Amino acid sequence: MNEINKEEQMQGLSGQQVSESKAKYGTNELAKKETESLWSMFIGAFDDIWIKVLCAALALKVILAVLGIFVPALSGGNDVVEIISIVIAIALATGFSTLSEYRNTSRSEALQEEYSKTYAKVVRDGKLVNILTSEIVKGDTILIQAGDKVPADGLLFEGKIKVSQAALNGESRDENKAAVTNMDEAESTDYSSHGKVFMGSVVTSGEGYMIATVIGDSSELGKINKALTDTSEEEERKDTSSLKLEGVAAGIGKLGVSAAAIAGILHVVLTLIRADQAITVVSVLLVIAEAVMLMASIVIMAVPEGLPMMNSLVQSMNTESMYKKNILVSHKAAFSDSAYMNVLFSDKTGTITQGNLSLVEFITGNGEIVDSIQSREFIEAITLNNLAKISSEGKAIGSNNMDRALLSYAINHGYNDSDNDPEKVEEISGFDSEKKCATVKLKNGLVYWKGATENIIDKVTHYMLPDGEEREFTKADKDKVEEQMHAQAKRTMKLLSVAKISDGKTVLMAVLCLRDNVRTDAVETVQILNDAGIQVVMVTGDAEETAVAIAKEAGILADEKKDVVLTHEEMEKLSDEELKKVLPNLRVVSRAKPLDKKRLVSLSQQIDNVCGMTGDGVNDAPALKQADIGFAMGDGTAVAQEAGDVVILNNSLTSIKDCVLNSRTMAKSVGKFLIFQLTVNISTLLMNIIAPILGWTEPFSIVQILWINLIMDTLAAMAFGGEPILDRYMKDQPAKRTDNILTPYIKSAIGVSAIFITLGSILILENIGGITSWVIPAGCADPELYEKTFMFAFFIYAIIFNSLNTRSEKFNLFEHIGENKNFVLVMGAIFVLQTIIIEIGGKVFNTTLLEPKALLVSMVLAVLIIPVDLIRKAIMSR
């Protein structure tokens, strides 16, 4: 009953059977993180403490408006307008970021889905068809060949293969799998099982047919993936960007609440002291109500709701552009962290090197180096003893890197399939990682051998010259060969010997020198990352000699006296505290095991580093998830890509550099936004505290405060969100995880500009030097309102001109301004709107029409903020 009917199985499932299996067991699709709906994103926006404060202010305003119907003294003149204004402020603060987030999430998921599509060769209705691996159903018959990833857990019922299960268990040796005749092991989870193959493992040689017995989330790979996509667990370590912004937001919030409390108390006390009428309960209640609304207005103004929106907006804009640079961002918050990354633990193969072995040189048995050997016998030795195949495009496919390199060499020297007679082969065995060799035995008794030189060199009796001549192998020849091998290993060569064994003779045909070249862009990129203050540590399974040679060539290992190189064994002997001391100088870890990566990241984070980690296998997933920013490789496993924060589609270190540069640009944009926003914040807070002391009524109406709030939050986020990416940011050292985001430069910019705006406003409201009297026209019906409008105009124009100071830390305020069209459009629009508001918005904004003279003077006073800030920049640059 448990027997496999091969004939029936080779016909595959019929359309009806596929439908039945799909209905009963589902498909092979792996679990994804549940997508948040637009509505839940919108509701989630209200979890922000500052949005709650805005909502509380709205509720208070509504209550006072309702009470005002019954107690006219509590009613304000602009209740309806102010209520609508607060609603708009809340809608903008929540709606804009929600829509941006939703749009970006949808697009990112669509890109991820498109990129993740993989296909499998499945037998359906007796025909071999190519279908998406996610469409495989339980019971499907699947053809798997050398080079394929196994698309589901299942049983091999035809053929014989070798699989690499390194992606699942981290073991480097290949496992032999052979056909079974029954379904006994259908549900087995034993990786060493004779006939069971597992999703995610790679077929390194042979071909066969399998039955899909366990699919999707029930598979071994699926279980790991599901554990990683489970969002029920809280993140242990917050991303650096959020931590820094939360600190700022909390500081601003406290400042706002304190300023509101001071202003409210001063308003009540000073109003009652200066009252020239009898104090009654109603008048006290009225003053308290005014104070509460003033406090609410100040808190509304101080609320930094633009901060998360700004971050979200900049992240969204960058995420989209990143895909064009081979970077797929899946976790935006962690992507932001690459701005602060100061340690990168990088794989070697495919990231620092090209990931493709090529046969470049040969050591002959007399210790000579030759560029090529093309004798017929040598070509036969490297092609018969080889499990790679020639594809329809004429390229080497299947088996492993070494086999493909040898077959590619033969193809490049005129070899094709018809050159060898497969009939003369008696037995072929692929590479055995335990014996470190591969052999093919011919029917005439000749054996071609290839493998690690140390395993055969003591048995060699003769050697072959490139022309085919055989000579005796002496002790002197052996010494020369070993000397050359040592020199070649230092040149990053991987060494492999080819020999023939027959009639009691072991003939060394050549020691092959294969090379995985360092990527042409890697050397320059390592230098850029080093200049950017990022310590690059190469973590590889290679031997120490090869790892050191590649690290030197790539520029990772520059100072042999100071730089530290560790093997897995040496690292294992170090205690955590000892390894922490070594970490700042660590450059290379050779013979590394999967768990070494997680340990390195974890200890590095404990000394407050912000760590990046590259990885491609399932065994890399824990380290990728632990890292502050996990860079999963584009050709890696789905599990690694799920665990990572960013998928590097082309596996290149240069793309990681692009990721850092974009993230640093984002951090710079956030810094510029902070200068702009906090300057306005502090100016307005100072004005509201000074106002009652100097005997002014409220310097700004609530609608004016909401307009200022709109400028410094939503509109400023749009203006500074598109700042250009500048290569000079890679010359800066990364800020530490514990550093305050408000650097001395940012603090000085905020302080100087806020004081200038506040003093300018006092100058106008106190009529110092008679400046206000000079611009107020004769016969003005309401001089106090004219004075306040004049001050309001100066205040907003100063904010606009200060945006130019803010967007560049250099003296050229228009540097790269054409690359941020949003900035020009937004600030231009604010300038025009402000002028229109002053001229025709009197009813809503509590302003009056200013004459051209007053408008011009307010602009001239406001533009003085530019030279004042240039002086500050000159002082700071010293």
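Here the structure is a predicted model, which means the values were calculated and not measured.

Draft legend 1. Here's a closer look at the side chain of Asp148. Note that Asp148 resides in the loop between β3 (141–145) and β4 (153–164). You can call Asp148 buried: its relative accessible area is 18%. A polar atom in the side chain of Asp148 sits 2.9 Å from the backbone nitrogen of Gln145. Not counting chain neighbours up to four residues away, the residues in contact with Asp148 comprise Lys121, Leu143, Ser201, Val202 and Val203.

Draft legend 2. Here's a closer look at a nonpolar patch on the surface. On the surface, a cluster of nonpolar side chains totalling about 420 Å² of accessible area is made up of Val62, Val66, Ile69 and Phe70. Inspection of the secondary structure assignment puts Ile69 in helix α4 (residues 49–70).

Draft legend 3. Local environment of the environment of Lys223. Along the chain, Lys223 turns up in helix α7 (residues 220–229). Take Lys223: its relative accessible area is 44%, and that puts it in the partly exposed class. Spatially, the C-alpha atom of Lys223 lies 9.3 Å from that of Ala31, the residues being 192 residues apart in sequence. The residues touching Lys223, leaving out its near neighbours within four places in the chain, are Thr189, Asp217 and Ser218.

Draft legend 4. Quick peek at the pairing of strand β2 (residues 127–132). Here six bridges tie strand β1 (residues 119–124) to β2, and the two strands are oriented antiparallel to one another. Along β2, the bridge assignment pairs Lys121 with Asn130. Linking β1 back to β2 in an antiparallel pair, the connection comprises two residues, with Asp125 at a positive phi of about 55°.

Draft legend 5. Structural view of the packing of aromatic side chains. Summed over all chains, the structure comprises eleven aromatic pairs. Centroid distance Tyr463 to Phe473: 6.3 Å. Interplanar angle 75°. Geometry classified as edge-to-face. With Tyr463 in strand β17 (residues 462–464) and Phe473 in the loop between β18 (470–472) and α14 (475–490), the pair connects residues that are ten residues apart, well separated along the chain. Among the residues examined, Phe473 registers a relative accessible area of 10% and is labelled buried. For the pair Tyr797 and Phe831, a centre-to-centre distance of 5.0 Å together with 40° between the ring planes defines the contact as tilted. Remark: Phe831 occurs in helix α27 (residues 821–840) and Tyr797 occurs in helix α26 (residues 783–806); sequence separation between them is 34 residues. Among the aromatic residues, those joined into a ring-pair cluster are Phe362, Phe378 and Tyr409. Just above the ring of Tyr25 sits the side chain of Lys138; from NZ or CZ to the centre is 4.3 Å. Here the guanidinium or amino end of Arg807 rests over the ring plane of Phe823, the centre of that ring lying 5.5 Å away.

Draft legend 6. Broad picture of the packing of α26 against helix α30 (residues 865–877). For the pair α26 and α30, interaxial distance at closest approach is 9 Å and the crossing angle is 35°. In this structure, α26 meets α30 at a crossing whose hand is right-handed. Note on element contacts: α30 touches α26 through Ile865, Ile866, Asp869 and Lys873, opposite Ala798, Phe801, Asn802, Leu804 and Asn805. Looking at the contact of α26 with α30, its residues break down into five nonpolar, two polar and two charged.

Draft legend 7. Structural detail: a negative patch on the surface. Together, Glu544, Glu545, Glu569, Glu570 and Glu572 make up a negatively charged patch on the protein surface. Among the elements of the structure, α16 (544–554) and α17 (568–573) are those that each provide at least two residues to the negative patch. Among the elements that make up the negative patch, the one with the highest residue count is α17 (three residues). Locating Glu545 in the fold gives a position in helix α16.

Draft legend 8. Expanded view of the pairing of strand β10 (residues 353–363). In terms of strand pairing, β10 meets strand β20 (residues 505–518) through seven bridges, oriented antiparallel. When the bridges of β20 are listed, Thr353 appears paired with Val518. Relative to strand β11 (residues 369–370), β10 runs antiparallel, the two being bridged by two bridges. Looking across to β11, one finds that Ile363 is bridged to Ile369. The turn joining β10 and β11, which pair antiparallel and follow one another in sequence, is formed by five residues; a positive phi near 85° is taken by Gly367.

Draft legend 9. How the structure looks around helix α29 (residues 852–863). Between its first and last C-alpha, α29 extends 16 Å over twelve residues, near the 16 Å set by a 1.5 Å rise per residue. Residues Ala854, Leu855, Val857, Ser858, Met859, Leu861 and Ala862 constitute the buried set of α29. Residues of α29 that are buried in the fold lie against α24 (744–765), α25 (771–775), α26, α27 and α30.

Draft legend 10. Examining the side chain of Asn420 more closely. Turning to its location among the elements, Asn420 is positioned in the loop between α13 (401–412) and β14 (425–432). Of the polar contacts made by the side chain of Asn420, one reaches the side chain of Thr383; its length is 2.7 Å. One polar contact links Asn420 to Tyr415, side chain to side chain, over a distance of 3.2 Å. Sequence-distant contacts of Asn420, defined by excluding residues within four places in its chain, comprise Glu380, Thr383, Leu384 and Tyr415.

Draft legend 11. Structural view of α24. With 22 residues, α24 extends 31 Å between its outermost C-alpha atoms, agreeing within 8% with the 32 Å of an ideal straight helix rising 1.5 Å per residue. Immediately downstream of α24, the backbone of Asn767 shows phi near 55°, a positive value.

Draft legend 12. Up close: the pattern of salt bridges. Counted according to the given criterion, the structure contains 28 salt bridges. A salt bridge links Asp563 to Arg587, with the nearest nitrogen and oxygen atoms 3.7 Å apart. Of this pair, Asp563 sits in the loop between α16 and β22 (564–567) while Arg587 is found in strand β23 (residues 586–590), placing the two residues 24 residues apart along the sequence. When sorted by exposure, Asp563 lands in the same class as Arg587, which is buried. Of the charged contacts in the structure, one is a salt bridge between Arg728 and Glu815, with a shortest N-O distance of 2.6 Å. Taken together, the positions of Arg728 in the loop between α23 (702–720) and α24 and Glu815 in the loop between α26 and α27 put the pair 87 residues apart, joining distant regions of the chain. By relative accessible area, Glu815 is classed as buried at 15%. Because the salt bridges share partners, they merge into one network encompassing Glu377, Glu470, Lys500 and Lys505.

Draft legend 13. Broad picture of the nonpolar core. Counting residues in hydrophobic clusters, the biggest one holds 56 residues, and the most contacted among them are Phe795, Ile796, Tyr797 and Ile830. Broken down by secondary-structure element, the contributors of at least two residues to this core are α22 (653–693), α23, α24, α25, α26, α27, α29 and α30. Counting residues per element, this core draws most heavily on α26, which supplies 14 residues. When sequence neighbours within four positions are dropped, the list of residues in contact with Ile830 reads Trp707, Ile711, Leu715, Ile796 and Ile800. Ranked by size, the runner-up nonpolar core spans 52 residues in total, among them Ile327, Ala532, Leu674 and Leu678.

Draft legend 14. Main features of the packing of α14 against α16. Running from N to C, α14 and α16 cross one another at 45°; their axes reach a closest spacing of 7 Å. Judged by the angle between their axes, α14 and α16 are oblique. Contacts between α14 and α16 involve His486, Ala489 and Lys490 from the former and Glu545, Thr546 and Ala549 from the latter. Considered class by class, the residues forming the contact of α14 with α16 number two nonpolar, two polar and two charged.

Draft legend 15. Representation of the sheet that holds strand β21 (residues 535–539). Reading across from one edge, β8-β26-β25-β24-β9-β21-β23-β22 is the order of the eight strands in this open sheet, with mixed pairing throughout. With partners counted over all chains shown, the strands left at the sheet margins are β8 (327–329) and β22, one partner each. Adjacent strand axes in the sheet meet at a mean angle of 20°, parallel and antiparallel pairs treated alike. Here four bridges tie β22 to β23, and the two strands are oriented parallel to one another. Its bridge partner being in β23, Val565 is matched across the sheet by Val588. The sheet strands contacting helix α19 (residues 594–606) are β9 (343–346), β21, β23 and β24 (611–615), and the helix crosses β24 at an angle near 170°.

About the thresholds
Residues numbered from 1 in each chain as written. Predicted model: local features only at pLDDT ≥ 70, side-chain atom pairs only at ≥ 80, totals over all residues. Heavy atoms only, no water. Helix = DSSP H or I, 4+ residues; strand = E, 2+ residues; numbered from the N terminus. Buried < 20%, exposed > 50% of the residue type's maximum accessible area, 1.4 Å probe, protein only. Polar contact = N/O pair within 3.5 Å; in protein donor to acceptor, adjacent residues only side chain to side chain. Contact = heavy atoms within 4.5 Å. Patch = residues over 30% accessible without salt bridge, like charges linked within 9 Å, V, L, I, M, F, W, Y side chains within 5 Å. Areas by Shrake-Rupley, 256 points an atom, 1.4 Å probe, with all protein chains shown as cover. Salt bridge = Lys/Arg side-chain N within 4 Å of Asp/Glu carboxyl O. Pairing = 2+ DSSP bridges. Phe/Tyr/Trp six-rings, centres within 6.5 Å; stacked < 30°, edge-to-face > 60°. Lys NZ or Arg CZ within 6 Å of the ring centre and 35° of its normal. Axes fitted to C-alpha atoms, helices over the stretch in contact; angles between N-to-C directions. Left-handed = near helix turned anticlockwise from the far one by under 90°. Nonpolar A, V, L, I, M, F, W, Y, C, P; charged D, E, K, R; others polar. Lys, Arg positive; Asp, Glu negative; His and termini not counted. Charge placed at Lys NZ, Arg CZ, Asp CG, Glu CD. Expected span 1.5 Å × (residues − 1). Core = buried A, V, L, I, M, F, W, Y, C linked by side-chain atoms within 4.5 Å. Parallel < 35°, antiparallel > 145°, perpendicular 65-115°, else oblique.

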